[in-house]
Amino acid sequence: MFASQFNLFNLVNSFLVDPVFRTLSDIASNEGVRAWVIGGYVRDLFMHNPSKDIDIVVEGSGIGFAQAVARYTNACNLQVFKNFGTAMLSYKDWKIEFVGARKESYRLSSRKPIVENGTIEDDQKRRDFTINAMSLSLNKADFGQLIDPFGGIRDLDLKIIRTPLDPDITYSDDPLRMMRAIRFASQLNFKIEEKSLKAITINSERIKIVSQERITDELNKIIMAAKPSVGFKLLNETGLLKIIFPEMVELQGAEYKEGRGHKDNFLHTLIVLDNIALKTENLWLRWAAILHDIGKPATKKWVDGIGWTFHGHDFVGSKMIPSIFRRMKLPKGDHLKYVQKLVALHLRPIALVEDVVSDSAVRRLLFEAGNDIDDLMTLCSADMSSKIPEKIQRYRENFDLVRTKLIEIEEKDRLRNWQPPITGDIIMTTFNIPPCKEVGIIKTAIREAILEGNIPNEFEPAYQLMLQTGKELGLKQVSN
Ligand code: ATP
Ligand code: MG
């Protein structure tokens, strides 16, 4: 229970212990400014999870106080953001942010408020949630005193996300707070107060005035929560998902024909995402789970005698990813390629489970997945969901066989990150030819022979095959 006086006292005492707070307090006193620790650090302290990020609010200039702290402590990396009136520095292993206490008022068209200097009380009123509005004093007169104007301690206790002021106004003023509410609910495993949830639903359209970078930042934090489905369900219920990620909403629902339905691919995707969250902290592997079936709505078809099919949804899905990444302002290069590759290949290990596993099929998979084979297997394993436990059990056993086979063939043929034993240069020198299509034909012949298991993955047999293929193409060997 957070609310017991005894625990509160102990926690605040543990806050007093770290010398960084005494140092900040001494500097504030020397400079004649009043300062408080506020926001995330205080919340996390009371959740027994103290962080290394401290937010400081001062009555007066945050930048001025940051400069003073940098001077007194010889702290490095003082960064000043004049436009925002904030500053940041590193001191020992702390990251400290400074801001002057503010009073804010909002206009309808922008989430950027009109800002005036204010008191600590004004500043606490502009905070997003009661649990984020608590402060601890760094002032000599009442060092360590908790100021909790909106019942933040009670809400930590009740595990509830609540806004200090009318939620309708809070979310309308700065719609990013809607994403933040859902993010904190997911990260902390808290409920969003009913009134707040209604206000988010009513204001969902206003998310459109928030920059995509900020939205994506919060979305990624939701994805990195221990159970990300919590956040996605809230995004969906409030209507936010439809606006920020319509492709995902399209996955929802099950259609029935002749008494046969298909699974709700939205719920299935969330199960896969929760499964994979238990296995990996890799954001991009989690993204691959989110997107693995994204091509299903576009490929859905009823086939008489068979039922619902989603042919090619792996391929179509992987092609949809660049435009989703672009819109979401997610990175272009290697991360995009990685997610595309996993989505394109996500059915391949499962196909091996269902067929009699041939060495060449396993070799091809190793060749195409390269270093990402383990992540692909993790995705595929997370994707095995069925309502029938025996079916899952049988799948798992067969899947383990595929795993063993992969290891066996990898050890034998070393196909992960495969480099051809015969390079284009060798081919050109041997036959004294310039870069031309014959070089490609010979390289493909060698690769196919290795993948099919007709020759081992070694130089000598590949060299012989090069000579033979060259001869068939009418080329003359001029060097060896
Ligand atoms: P974390 O750093 O773990 O994400 P945090 O609570 O420190 O959590 P920050 O984004 O670092 O979150 O913000 C610091 C504090 O600033 C918050 O605790 C909150 O008091 C306030 N805050 C941040 N964003 C907003 C906002 N959009 N509206 C109102 N207050 C905000
Ligand atoms: Mg923070």
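Throughout this document, residue positions are counted from 1 along each chain, in the order its sequence is written. Chain A is the first chain written and ligand 1 is the first ligand written, with later ones labelled in order. Two thresholds apply to this predicted model, a pLDDT of at least 70 for residue-level local features and 80 or more for giving and counting side-chain atom pairs, whereas whole-chain, interface and lining totals are computed over all residues. To get the side-chain values, take all heavy atoms of the structure and skip hydrogens and water.

J.: So what's going on with the side chain of Asp174? Which residues, and what values?
T.: Helix and strand definitions follow DSSP, with helices as H or I runs of at least four residues and strands as E runs of at least two, each counted in order from the N terminus. The residue Asp174 is located in the loop between α7 (167–173) and α8 (176–188) in this model. Two N or O atoms count as a polar contact when they lie within 3.5 Å, although within protein this holds only if one can serve as hydrogen donor and the other as acceptor, and sequence-adjacent residues are included solely when both atoms are side-chain atoms. A polar contact of 3.0 Å, which involves the side chain of Asp174, links it to the backbone nitrogen of Leu176. Whether two residues touch is decided by their heavy atoms; if any such pair falls within 4.5 Å, the residues are in contact. Once you skip the residues sitting within four places of it in the chain, Asp174 turns out to touch Tyr106 and Arg111.

J.: Quick rundown of helix α2 (residues 19–31)? Include the residues and the values.
T.: A helix is expected to span 1.5 Å for every residue after the first. With 13 residues, α2 extends 18 Å between its outermost C-alpha atoms, agreeing within 8% with the 18 Å of an ideal straight helix rising 1.5 Å per residue. Three labels apply to residues, based on accessible area from a 1.4 Å probe with only protein chains included: buried if under 20% of the type maximum, exposed if over 50%, partly exposed otherwise in between. Among the residues making up α2, those that are buried are Val20, Phe21, Leu24, Ser25, Ile27 and Ala28. The buried residues of α2 occupy an angular sector of 165° when the element is viewed end-on, so they sit on one face. A side-chain oxygen of the first residue of α2 lies 3.0 Å from the backbone nitrogen of Val20; this N-cap is Asp18. Following α2 by one or two positions, Gly32 adopts a phi angle in the positive range, close to 70°. Directions are taken from the helix axis to each C-beta atom, and the arc is the one they span.

J.: Let's hear about the domain arrangement of the protein: which residues, and what values?
T.: The split of the chain into domains comes from an automatic or database domain assignment. Its domain assignment divides the protein into domain 1 (2–156), domain 2 (159–244) and domain 3 (424–472). A C-alpha centroid distance of 24 Å is found between domain 1 and domain 2. The interface is formed by 22 residues belonging to domain 1 together with 23 residues belonging to domain 2. Note: buried area is the sum, over both parts, of the accessible area (probe 1.4 Å) each one loses when the two are combined. Of the roughly 1,900 Å² buried between domain 1 and domain 2, counting both surfaces, carbon and sulfur atoms make up 55%. By convention in these notes, a salt bridge is any Lys or Arg side-chain nitrogen within 4 Å of a carboxyl oxygen on Asp or Glu. Taken together, domain 1 and domain 2 are joined by two salt bridges. Ionic pairing is found between Arg180 and Asp128, a salt bridge with its closest N-O pair at 2.6 Å. The tally of links between domain 1 and domain 2 comes to nine residue pairs in polar contact (both at pLDDT 80 or more). Take the side of domain 1 that touches domain 2: its biggest share by element is three residues, from helix α6 (residues 152–158). Residue classes follow a fixed rule: Ala, Val, Leu, Ile, Met, Phe, Trp, Tyr, Cys and Pro count as nonpolar, while Asp, Glu, Lys and Arg count as charged, and any other residue, Gly among them, counts as polar. Partitioning the side of domain 1 that touches domain 2 into residue classes produces seven nonpolar, five polar and ten charged.

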